[in-house]
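Read off the chains here:
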Amino acid sequence: MKIAVIQGPNLNMLGVREQHIYGGVTLEQIHAQLQNAADQNGVEIEFFQSNFEGEIVDRIQECLGTVDGIMINPAAYSHTSIAIRDALAAVNMPVVEVHISNIYKREEFRQKSITAGSSTGVITGFGGFGYHLGLISLIQMLNELKA
Ligand code: DQA
């Protein structure tokens, strides 16, 4: 089983940016924890981060036939990107969308995720731990599909 983790704009700044909202953990630390959890579950995992919408669309398209599921935090593009939503729909596989903060508790413009319309489920508001929840949920979903 192979899972792609796709991180959107400014998530490379975790640990530095708005720590009162996103906490002090870095993206490298989150990815190291995910790698551990993936190893423990015998799952392959690939990490990608980009600040560019088109690169994220390209990465999603590459998932077709190469991975079984996607965990994505489209970050600010969640609220704007029909292109990312369409790419996720096009590859037609289990998708978990993760947000570190609770987008429903924040500014009105963050309370709508366009991309979530192409995801199987959404995890929002559990901080960096949300990625762990996302990974476990995706593995569970993929196992159920195989069974
Ligand atoms: C975010 C929430 C978005 O509104 C914001 O633009 C981000 C991060 C989150 O993980 O909480 O960059 O996706």
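Residues numbered from 1 in each chain as written. Predicted model: local features only at pLDDT ≥ 70, side-chain atom pairs only at ≥ 80, totals over all residues. Heavy atoms only, no water.

### Some remarks on the overall build of the chain
Next, step 1: The number of helices and strands found in the chain is five helices and five strands.
Next, step 2: Along the chain, from the amino end to the carboxyl end, the secondary structure elements read β-α-α-β-α-β-α-β-β-α.
Next, step 3: Relative to a compact globule of 147 residues, whose C-alpha radius of gyration would be 15 Å, the chain shows 14 Å and is just as compact.
Next, step 4: When its C-alpha atoms are laid out on the principal axes, the chain stretches across 40 × 30 × 25 Å. (Helix = DSSP H or I, 4+ residues; strand = E, 2+ residues; numbered from the N terminus. Rg over C-alpha atoms; globule rule 2.2 N^0.38 Å.)

### Re the site of the ligand
Next, step 1: Residues in contact with the ligand, as listed here, are Arg17, Tyr22, Asn73, Ala75, Ala76, His79, His99, Ile100, Ser101, Arg106 and Arg110.
Next, step 2: Note that an oxygen atom of the ligand is positioned 2.9 Å from one of the side-chain N or O atoms of Asn73.
Next, step 3: Relative to its unbound accessible surface of 330 Å², the ligand loses 98% to contact with the protein.
Next, step 4: Looking at side-chain class alone, the shell around the ligand contains four nonpolar, four polar and three charged residues. (Near = heavy atom within 4 Å. Polar contact = N/O pair within 3.5 Å; in protein donor to acceptor, adjacent residues only side chain to side chain. Areas by Shrake-Rupley, 256 points an atom, 1.4 Å probe, with all protein chains shown as cover. Nonpolar A, V, L, I, M, F, W, Y, C, P; charged D, E, K, R; others polar.)

### Description of helix H2 (residues 27-40)
Next, step 1: Taking 1.5 Å per residue as the helical rise, H2 with its 14 residues ought to reach 20 Å, and the 20 Å between its terminal C-alpha atoms agrees with that figure.
Next, step 2: When H2 is considered as a whole, its buried residues turn out to be Leu27, Ile30, His31, Leu34, Ala37 and Ala38. End-on view of H2: buried residues confined to an arc of 120 degrees, all on one side of the axis. Residues of H2 that are exposed and point more than 90 degrees away from the buried face comprise Glu28, Asp39 and Gln40.
Next, step 3: In the core, the buried residues of H2 are packed alongside strand E1 (2-7), strand E2 (44-49), strand E3 (69-73) and helix H5 (129-146). (Expected span 1.5 Å × (residues − 1). Buried < 20%, exposed > 50% of the residue type's maximum accessible area, 1.4 Å probe, protein only. Arc of directions from axis to C-beta. Contact = heavy atoms within 4.5 Å.)

### A word on the environment of Ile103
Next, step 1: Here Ile103 is to be found in the loop between strand E4 (95-99) and strand E5 (121-124).
Next, step 2: A sequence separation of 21 residues divides Ile103 from Thr124, and the C-alpha atoms of the two residues are 6.7 Å apart.
Next, step 3: If we ignore the near neighbours within four places in the chain, the residues touching Ile103 are His79, Arg110, Gln111, Ser113 and Thr124.

### Re the nonpolar core
Next, step 1: Within the largest apolar cluster, 24 residues are counted, with the highest numbers of intra-cluster contacts made by Ile3, Leu14, Leu34, Met71, Tyr131, Leu135 and Leu138.
Next, step 2: The set of elements that each furnish at least two residues to this core consists of E1, H2, E4 and H5.
Next, step 3: Of all hydrophobic cores here, the second largest spans 16 residues; its members include Ile56, Ile72, Ala87 and Leu88. (Core = buried A, V, L, I, M, F, W, Y, C linked by side-chain atoms within 4.5 Å.)

### Regarding the sheet that holds E4
Next, step 1: The five strands are arranged E2-E1-E3-E4-E5 in an open sheet whose pairing can be described as parallel. Both edges of this open sheet fall to E2 and E5, since each of them pairs with a single strand only. Taken over all neighbouring pairs, the strand axes of this sheet differ in orientation by 20 degrees on average, direction set aside.
Next, step 2: Strand direction decides the pairing type here: E1 and E3, joined by five bridges, are parallel. Bridge assignment links Ile6 to a residue of E3, and that residue is Ile72.
Next, step 3: Most of the contacts of H5 go to E3, to which it runs at about 160 degrees, and overall it touches E1, E2, E3, E4 and E5. (Pairing = 2+ DSSP bridges. Axes fitted to C-alpha atoms, helices over the stretch in contact; angles between N-to-C directions.)

### Notes on the side chain of His99
Next, step 1: Considering the arrangement of structural elements, one finds His99 in strand E4.
Next, step 2: Every residue in contact with His99, bar those within four places of it in the chain, is listed here: Asn73, Pro74, Ser78, Ser113, Val122, Ile123, Thr124, Gly125 and Phe126.

### Regarding the packing of H2 against H5
Next, step 1: Two elements in contact, H2 and H5, have axes separated by 10 Å at closest approach and are oriented at 30 degrees. Here H5 runs roughly parallel to H2, going by the angle between their axes. The way H2 lies across H5 gives a crossing that is right-handed. Of the residues in H5, those in contact with Ile30, Leu34, Ala37 and Ala38 of H2 are Tyr131, His132 and Leu135.
Next, step 2: When grouped by side-chain class, the residues that make up the contact of H2 with H5 number six nonpolar, one polar and no charged. (Parallel < 35°, antiparallel > 145°, perpendicular 65-115°, else oblique. Left-handed = near helix turned anticlockwise from the far one by under 90°.)

That is the geometry; function is a separate question.
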